[in-house]
Amino acid sequence: MQHDGGSAPGTLDGSLARITALLRELIELTGHDVDDVPVLELQFGDILTRTASHALDRNYLVITVMLPKCGDGGGPVPQRRDMEFLWDADDGRHIGLRMVPIGSLPDERSVMDAILETSDMAAAWTTERRRRS
């Protein structure tokens with residue numbers, strides 16, 4: 001018997017509720033407490049990612065990256081088309097923000113891939129920025 005694509009293990013239905021439930025499950029796996037608004041924190045080398053669900057006109061998975069402190073945020077911040085970078089003067093670091101439409105995430109693996117891809121994009125951006133300095 002074949003599984004219906006919507007009922008296969010790990011399949012997401014494009015809903016904000018299912019993404020939020022997945023984030024809660026992943027947070028529990030990390031051993032952290034789940035707050036009212038689940039935020040999954042994962043460290044990749046010197047880049048910290050924070051992932052949460054967010055509802056606007058459409059539903060999004062919001063992935064924020066905290067780049068290493070650098071103290072040199074006075075210059076222009078190069079942008080990417082698919083990710084926004086901001087300077088946090090209070091913390092002395094750049095922060096990246098990427099919003100991924102929930103409907104583009106067909107399964108649990110794609111959520112983890114989006115988080116890893118965002119971390120990789122931020123690392124590449126940091127390397128490029130340092131090269132230009």
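Whatever comes next refers back to the structure up there.
Residues numbered from 1 in each chain as written. Predicted model: local features only at pLDDT ≥ 70, side-chain atom pairs only at ≥ 80, totals over all residues. Heavy atoms only, no water.

Asker: What should I look at first to understand the pairing of strand S5 (residues 93-101) in this one?
Answerer: Sheet faces and side chains relate simply in a regular strand, where the side chains alternate between the two faces. Two strands pair when backbone bridges link them, and strand S3 (residues 59-66) and S5 are joined in this way by seven bridges, in the antiparallel orientation. The partner of Ile63 across the bridge, within S5, is Arg98. Note: strand S4 (residues 84-88) against S5, five bridges, orientation antiparallel. Bridged to Asp88 within S5 is Arg93. Linking S4 to S5, which pair antiparallel, is a turn of four residues; within it Gly92 sits at a positive phi near 70°. (Pairing = 2+ DSSP bridges. Helix = DSSP H or I, 4+ residues; strand = E, 2+ residues; numbered from the N terminus.)

Asker: I'm lost on the nonpolar core in this one. Help?
Answerer: Nonpolar side chains in soluble globular proteins tend to be buried together. Ile19, Leu40, Leu61, Leu105 and Val111 are the most contacted members of the largest nonpolar core, which totals 16 residues. Those elements giving two or more residues to this core turn out to be helix H1 (16-30), strand S1 (40-44), S3 and helix H2 (108-132). If near-sequence neighbours (up to four positions away) are discounted, Leu61 is found in contact with Ile19, Leu23, Thr51, Ala52, Arg98, Met99, Val100, Ile102, Leu105 and Val111. In terms of nonpolar packing, the next biggest core, distinct from the first, is built from eight residues, Val65, Leu67, Met83 and Phe85 among them. (Core = buried A, V, L, I, M, F, W, Y, C linked by side-chain atoms within 4.5 Å. Buried < 20%, exposed > 50% of the residue type's maximum accessible area, 1.4 Å probe, protein only. Contact = heavy atoms within 4.5 Å.)

Asker: Hey, could you run me through the side chain of Thr51 in this one?
Answerer: Mapped onto the secondary structure, Thr51 falls in strand S2 (residues 47-55). Filtering out sequence-adjacent residues up to four positions away, Thr51 remains in contact with Leu23, Pro38, Val39, Leu40, Leu61, Val62, Ile63 and Ile115.

Asker: Before we go on, may I ask you to explain the pattern of salt bridges in this structure?
Answerer: Working definition: two side chains of opposite charge can pair if their charged atoms are close together. Counted according to the given criterion, the structure contains seven salt bridges. Of the charged contacts in the structure, one is a salt bridge between Arg18 and Glu108, with a shortest N-O distance of 2.8 Å. One end of the pair, Arg18, is in helix H1; the other, Glu108, is in helix H2, and 90 residues separate them in sequence. Put simply, Lys69 and Asp91 hold a salt bridge, and the shortest N to O gap is 3.4 Å. Taken together, the residues span a long stretch of sequence, with Lys69 in the loop between S3 and S4 and Asp91 in the loop between S4 and S5 at a distance of 22 residues. Bridged by salt links that share partners, the residues Arg18, Glu25 and Glu108 form one connected network. (Salt bridge = Lys/Arg side-chain N within 4 Å of Asp/Glu carboxyl O.)

Coordinates in, geometry out; function isn't part of it.
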